[in-house]
Amino acid sequence: MAMWDTLGTVRDLGRLQEIAAVLVRFGFGDLVRRIGLADALERAGKLLHLRRSEQHARLSSAQRVRLALEALGPTFIKLGQVLATRVDLFAPEWIAEFSRLQSDVPALPWAEIEAPLSAALGQPPQQAFAHVEQQPMAAGSLAQAHRAWLHDGSAVVLKVRRPGIGEVVEADLRLLARLADIVDARVPDLARYHLPEVVAQFATSLRRELDFVAECRSAERIAANFADHPGLVIPRVHWEWTRASVAVQEYIDGVAGSDLAGMQAAGLDRRQLARLGAGIVLKMVLEDGLFHADPHPGNLFFLRDGRLALIDFGMVGRLSQQRRGEVAVLLHGLATQRPSAVSEVLLDWAGGVEVDESALVQDIAALVDTYRGVALKDLRVGSMLAEITGLLRHYGLTLPPDLALMIKTFLTLDGVGRQLDPDFDMASVARPFLERAIARRYAPGALWQRGRDHADNWMDLAGTLPRDARQILQATRRGRLQLRIETRAMDRFGDQVQRAANRLVVGLITAALVVGSSIVMHSVGSHSSGWLLALGVAGFVSAALCGVWIVYAIWRSGR
């Protein structure tokens, strides 16, 4: 499919030109040419300067990609933050660069958000609240937060979506989906990154993050799961003022997870806090199946009574019961040095991807063997998971998005735990959770349920098989059986043949103009005629222009 056919509407052209210009500036002009973006903009009458900025020449590819995402604005910054969760696709240096992306931007003046805020609340904020601080507590690319007080005196956080950000995000998502499809089809070197799937995952995540009602519902579901847990605080949602573009939640007065000096001054036990946080996240993942997917220090607060508070539930992960059982088997296999269990789970996750199973099992066995005899307190679960994801990248295996998000959460948790306590032992905290999860997975009731589910699937298959076979036989007898094969490589080959044929036709026309013009000019010598002379000159000029176009087209294609 030609790039021009995917533009959709003229309103996308300006943004498309901006994206192409940023890619060129940071040294990705070859990618712009290979996906046909430069040609499409040229046909649309948009001029694109294909000259890169020399100041970025010495930077690594990962650094240049991060800078390009920052230059492209909120949607692309969020995309980079999602890519930071794909430890199965990107090497550690790329993950490190993506993790550096920050959404902090200058706050909007109160005058710009007051009108849309009043429209969302149905009344001016001065009436809805006893007092609102017009200076925001924090500002991000999608929203900004203000401290406010209800009429009963309780402090709340007023989170307001930036005006017009929804339209900007939807336009960028539309272009991203098209660009991902084209890159996946035209650039085989990038096919292993599964860009269409990554963009689809990102679009779902970003739309959910823009919906504050969905975010608050996730917060309440997690709060319900921890109703009997004394160590976790989830800010209460004030639903009477919460809308899709406005969230009002309880204000948490605590020490930020990144403020180590503040914890020391408050007399908090950092070792105990690290174990408390790990236990809370492990319960979310292994027992509840709904977890906070971004537990970095900025989203953690420690109360002076030793409890932990979690905020910002814009990014949450979900794991089915089957997935939770598989995760438990994987982690338990790592912790107890059982490579066969680890390899079986990874091969199940790989699906139907062709892979050298024996080599993969051997590499996993070698990895697990390096931890044999290591004391439980010395195990580095984060390092083990990082090495496992390294093996996945080596063999071209891709995790489903829910599992990639889970592994990134564990890596973040391990890093935060060691920041709080250099001797943090995640393996010992995780072991009882894993043992309980394994026991639940192989309990008689669970085995019976899985067996019944499989039996139901087989019965459904047996019931539909005769009908499907009859339809196939009828189509065969009538000569209507169709075999549909789609190959992107043939589409690319067809495009190349078409371009070559166009050049050949122009070349023939050029040759014909040269020969014809020569004959005309020869006739001028014996019969003086101004119009014949003009015709001959025009033919030579046209031939010269056609020749220049052919040379330019060959130079632009690089072939």
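Above: the structure in question.
A quick note: this is a predicted structure, and the numbers were derived from the prediction, not measured.

Caption draft 1: Spotlight on the environment of Arg270. With respect to the secondary-structure elements, Arg270 resides in helix α13 (residues 270-288). For the pair Arg270 and Leu420, spaced 150 residues apart in the sequence, the C-alpha separation amounts to 5.5 Å. Dropping the residues within four chain positions of it, Arg270 is found in contact with Leu260, Met263, Gln264, Gln419, Leu420 and Asp421.

Caption draft 2: Highlighting unusual backbone geometry. Phi at Asp312 is positive, roughly 60°, even though this residue is not glycine. Of note, Asp312 is situated in the loop between β10 (308-310) and β11 (316-318). A relative accessible area of 32% places Asp312 in the partly exposed class.

Caption draft 3: Looking closely at the side chain of Thr412. One can find Thr412 in helix α18 (residues 401-420). Judged by relative accessible area, Thr412 falls into the buried class, the value being 18%. Beyond its immediate stretch of four places on either side in the chain, Thr412 contacts Pro295 and His296.

Caption draft 4: Fine view of a nonpolar patch on the surface. A cluster of nonpolar residues, Leu533, Val537, Val541 and Leu545, forms a patch on the protein surface that exposes about 340 Å² of accessible area. Here Leu533 lies in helix α22 (residues 530-557). By relative accessible area, which is 38% here, Leu533 ends up partly exposed.

Caption draft 5: Region of the structure containing the environment of Val157. Within the secondary structure layout, Val157 lies in strand β4 (residues 155-161). As for Val157 and Val132, which are separated by 25 residues in sequence, their C-alpha atoms are 9.5 Å apart. Those residues in contact with Val157, other than ones at most four positions away along the chain, are Met137, Ala145, His146, Ala247, Val248, Gln249, Glu250 and Tyr251.

Caption draft 6: Just the pattern of salt bridges, in detail. All chains considered together, the criterion is met by 12 salt bridges. With a closest N to O distance of 3.4 Å, Glu70 and Arg66 form a salt bridge. Here Glu70 pairs with Arg66, and both are found in helix α4 (residues 61-72), just four residues apart, close to one helical turn. Among the residues examined, Glu70 registers a relative accessible area of 32% and is labelled partly exposed. The partner of Arg66 in a salt bridge is Glu97, and the shortest N-O contact between them spans 2.5 Å. Taken together, the residues Arg66 in helix α4 and Glu97 in helix α6 (residues 92-99) connect sequence positions 31 residues apart. Each of the two residues, Arg66 as well as Glu97, counts as buried. Among the charged side chains, a salt-bridge network with shared partners connects Arg66, Glu70, Glu97 and Arg100.

Caption draft 7: Broad picture of the nonpolar core. Formed by 118 residues in total, the largest nonpolar core has its most connected members in Val327, Met406 and Phe410. Broken down by element, the residue count for this core peaks at 10 residues, all from α13. Those residues in contact with Phe410, other than ones at most four positions away along the chain, are Leu282, Val285, Val327, Leu331, Leu385 and Met426. Membership of the second largest hydrophobic core comes to 17 residues, among which are Leu108, Leu117, Leu121 and Trp241.

Caption draft 8: Main features of the pairing of strand β6 (residues 246-250). For β6, a buried count of four out of five residues is recorded, marking the element as mostly surrounded by other parts of the structure. Looking at chain direction, β4 and β6 are connected through five bridges and run antiparallel. Residue pairing across strands places Val156 opposite Glu250, the latter belonging to β6.

Caption draft 9: Local environment of the pairing of strand β3 (residues 143-149). The buried fraction of β3 amounts to five of the seven residues, a majority that puts the element mostly inside the structure. In this structure, strand β1 (residues 131-132) lies alongside β3, joined through two bridges in antiparallel fashion. Within the sheet, the bridge partner assigned to Val132 lies in β3 and is Ala148. Pairing of strand β2 (residues 138-139) with β3, which is carried by two bridges, proceeds in the antiparallel orientation. Counted as the bridge partner of Ala138 is Ala145 from β3. Linking β2 back to β3 in an antiparallel pair, the connection comprises three residues. Both β3 and β4 contribute to a ladder of seven bridges, which runs antiparallel. Directly across from His146, in β4, lies its bridge partner Leu158.

Caption draft 10: View of helix α5 (residues 74-83). For α5, the tally of buried residues reaches eight of 10 residues, placing the bulk of the element in the interior. Among all positions of α5, only Thr75, Phe76, Ile77, Lys78, Leu79, Gly80, Val82 and Leu83 are buried.

Caption draft 11: Layout of the side chain of Glu209. Structurally, Glu209 can be placed in helix α10 (residues 195-210). Its relative accessible area of 15% is what places Glu209 among the buried residues. Reaching out from Glu209, the side chain makes a polar contact with the side chain of Lys78 at a distance of 2.9 Å. Beyond its immediate stretch of four places on either side in the chain, Glu209 contacts Lys78, Leu142, Glu215 and Gly314.

The rules we used
- Residues numbered from 1 in each chain as written.
- Predicted model: local features only at pLDDT ≥ 70, side-chain atom pairs only at ≥ 80, totals over all residues.
- Heavy atoms only, no water.
- Helix = DSSP H or I, 4+ residues; strand = E, 2+ residues; numbered from the N terminus.
- Contact = heavy atoms within 4.5 Å.
- Buried < 20%, exposed > 50% of the residue type's maximum accessible area, 1.4 Å probe, protein only.
- Patch = residues over 30% accessible without salt bridge, like charges linked within 9 Å, V, L, I, M, F, W, Y side chains within 5 Å.
- Areas by Shrake-Rupley, 256 points an atom, 1.4 Å probe, with all protein chains shown as cover.
- Salt bridge = Lys/Arg side-chain N within 4 Å of Asp/Glu carboxyl O.
- Core = buried A, V, L, I, M, F, W, Y, C linked by side-chain atoms within 4.5 Å.
- Pairing = 2+ DSSP bridges.
- Polar contact = N/O pair within 3.5 Å; in protein donor to acceptor, adjacent residues only side chain to side chain.

From the geometry alone we can't say anything about function, so treat these as descriptive.
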